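Structure assessment
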Amino acid sequence: MTGFRFVNGRVVTPAGMLDGAEIAVEGGRIAAIRPLTTTEGAIDLQGGWIVPGFIDTQVNGGGGVLFNDEPTVEGIAAIGRAHARFGTTGFLPTLISDVPSVIARALDAADAAIEAGVPGCLGVHIEGPIINVSRKGIHDPAKFRRLDPEMLALFEKPRRGKVMLTLAPEMAAVEDIAHLHKLGVIMSIGHSDADYDTAVAGFQAGMSAVTHLFNAMSPLQHRAPGVVGAALDDQSIYCGIIVDGFHVHDAALRVAIRSHALDHFMLVTDAMSCVGVDVTEFDLHGRRILVRDGRCVGEDGTLAGSAIDMTAAFRNSVNRLRLSPADASVMASAGPAGFLGLSAERGALAPGLVADWVQLTHDLQPAGTWIAGTRIA
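Below, the structure is looked at part by part. None of these values were measured; they are calculated from a predicted model. (Residues numbered from 1 in each chain as written. Predicted model: local features only at pLDDT ≥ 70, side-chain atom pairs only at ≥ 80, totals over all residues. Heavy atoms only, no water.)

Soluble globular proteins tend to bury their nonpolar side chains together. Ranked by size, the top nonpolar core spans 78 residues in total, and within it I126, F155, L165, V210, L213, F265 and F314 carry the most contacts. With seven residues, the top contributor of residues to this core is helix α2 (residues 100–115). When residues no more than four places from it in sequence are discounted, the contact partners of L213 are V228, A231, L232, C239, G240, I241, V248, A256 and F265. With 13 residues, the next largest nonpolar core counts V11, I23, I50 and A355 among its residues. (Core = buried A, V, L, I, M, F, W, Y, C linked by side-chain atoms within 4.5 Å. Buried < 20%, exposed > 50% of the residue type's maximum accessible area, 1.4 Å probe, protein only. Helix = DSSP H or I, 4+ residues; strand = E, 2+ residues; numbered from the N terminus. Contact = heavy atoms within 4.5 Å.)

Here it is in structure tokens:
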């Protein structure tokens, strides 16, 4: 058993914040969290924080690698290394709308990455191509299609990790959505122009989330609640949010958070390959994407994912959304763990859970990342 001692800072646990603590780790899991009995060998947090490891369910790339370009174990590992520096201890490499052969490679790569023990890889997120052209965002409409038999077959094979699929319910038969739900595919509404009733039907068939709330979906209007209204009206639905100041106005996110269960929000980065490297542009499906003033845009100004990392999303949630670090931690860790069905494994600092945590400075900058009790960044 290994003990980690932290002094001069706060440790966020489900039972409340501790002023310093000792975390005992055995076999990669937390054996105990207790008050300090000695400060010998302790890490001085200097007014900082220890919070549960961040779980990001939407990671298109990082470290100069875009998952669409490198749907391989090596590509996933490179993305994971880039985001580990910013507190991400669990992630879903995310494939932006592509052809079936590339989707198959991405699904197989996630299986192989988990088998190879790539730190943090929990499965895979396939975003599109079963989406609506009217809400396409930066996705390539030439690749769009319905949830047809060929697409269904891709998701019917058992997988080693979690499989998340973002789709527009108006592009699929309700019985096919229900079929994938029974197979364990975790489905989220995104890039959808569905009306309220269609969105609700999708939820009733087994869809459990919305991908980047407010963005690329039918908005909440007083006589047409749309996907946004359907999601916020149902407290069981998980909502991914991008807190970068570009995708959604801070006030809209504050209103949404006040109207919905906090533990059903998930901070996501929607990060592109530029996170963790200093670049001013990159390519996506042959399109030139510019990195300007902290955001990613196509040459026509369309947002193209983000340049944000999870620590920045956490910090923005505190500074811009006016949440406490404990509440921001729920959205960065407990929420996504619940969405993935992993609450018994991850998402909090509690005995029995995997020993994943992040050290943050007093001003919420990244200072260290541990996965299964081993410091990796």
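On to helix α1 (residues 73–84), then. Between the first and last C-alpha of α1 there are 16 Å, a value that for 12 residues agrees with the 16 Å anticipated at 1.5 Å per step. Burial analysis of α1 places nine of its 12 residues in the buried class, the great majority of the element. Taken together, the buried positions of α1 are occupied by G75, I76, A77, A78, I79, G80, A82, H83 and A84. Looking at the buried side of α1, the elements it contacts are β6 (54–59), β7 (61–62), β8 (65–66), β9 (88–96), α2 and β21 (366–371). (Expected span 1.5 Å × (residues − 1).)

This part is about α2. Compared with the 22 Å implied by 1.5 Å per residue over 16 residues, the 23 Å span of α2 between its first and last C-alpha is a close match. Those residues of α2 that are buried lie in contact with α1, β9, β10 (123–127), α3 (149–155) and β11 (162–167). Where α2 terminates, the next one or two residues include G117, which has phi positive at roughly 80°.

Further remarks concern unusual backbone geometry. Geometrically, the link from G128 to P129 is a cis peptide bond, its omega value of 10° lying close to zero. On the secondary structure map, P129 appears in the loop between β10 and α3. Backbone geometry at A216 places phi at a positive 55°, although glycine is not the residue there. Backbone geometry places D270, a non-glycine residue, at a positive phi of 55°. Among the residues examined, D270 registers a relative accessible area of 6% and is labelled buried.

Spatially, four strands are ordered β16-β17-β18-β19 in an open sheet, and the strand pairing comes out antiparallel. Since the sheet does not close on itself, it has two edges, and those belong to β16 (281–284) and β19 (303–306), each with one partner. Ignoring which end each strand starts from, the neighbouring axes of this sheet average 30° apart. Here strand β17 (residues 287–292) pairs with strand β18 (residues 295–298) via four bridges, running antiparallel. Across the sheet, residue L290 finds its bridge partner in β18, namely V297. (Pairing = 2+ DSSP bridges. Axes fitted to C-alpha atoms, helices over the stretch in contact; angles between N-to-C directions.)

What follows deals with the sheet that holds strand β12 (residues 186–189). If you trace the eight strands from one edge of the open sheet to the other, you get β6-β9-β10-β11-β12-β13-β14-β15, paired in parallel fashion. Both edges of this open sheet fall to β6 and β15 (265–267), since each of them pairs with a single strand only. Here two bridges tie strand β13 (residues 209–210) to strand β14 (residues 238–241), and the two strands are oriented parallel to one another. Bridge assignment links V210 to a residue of β14, and that residue is C239.

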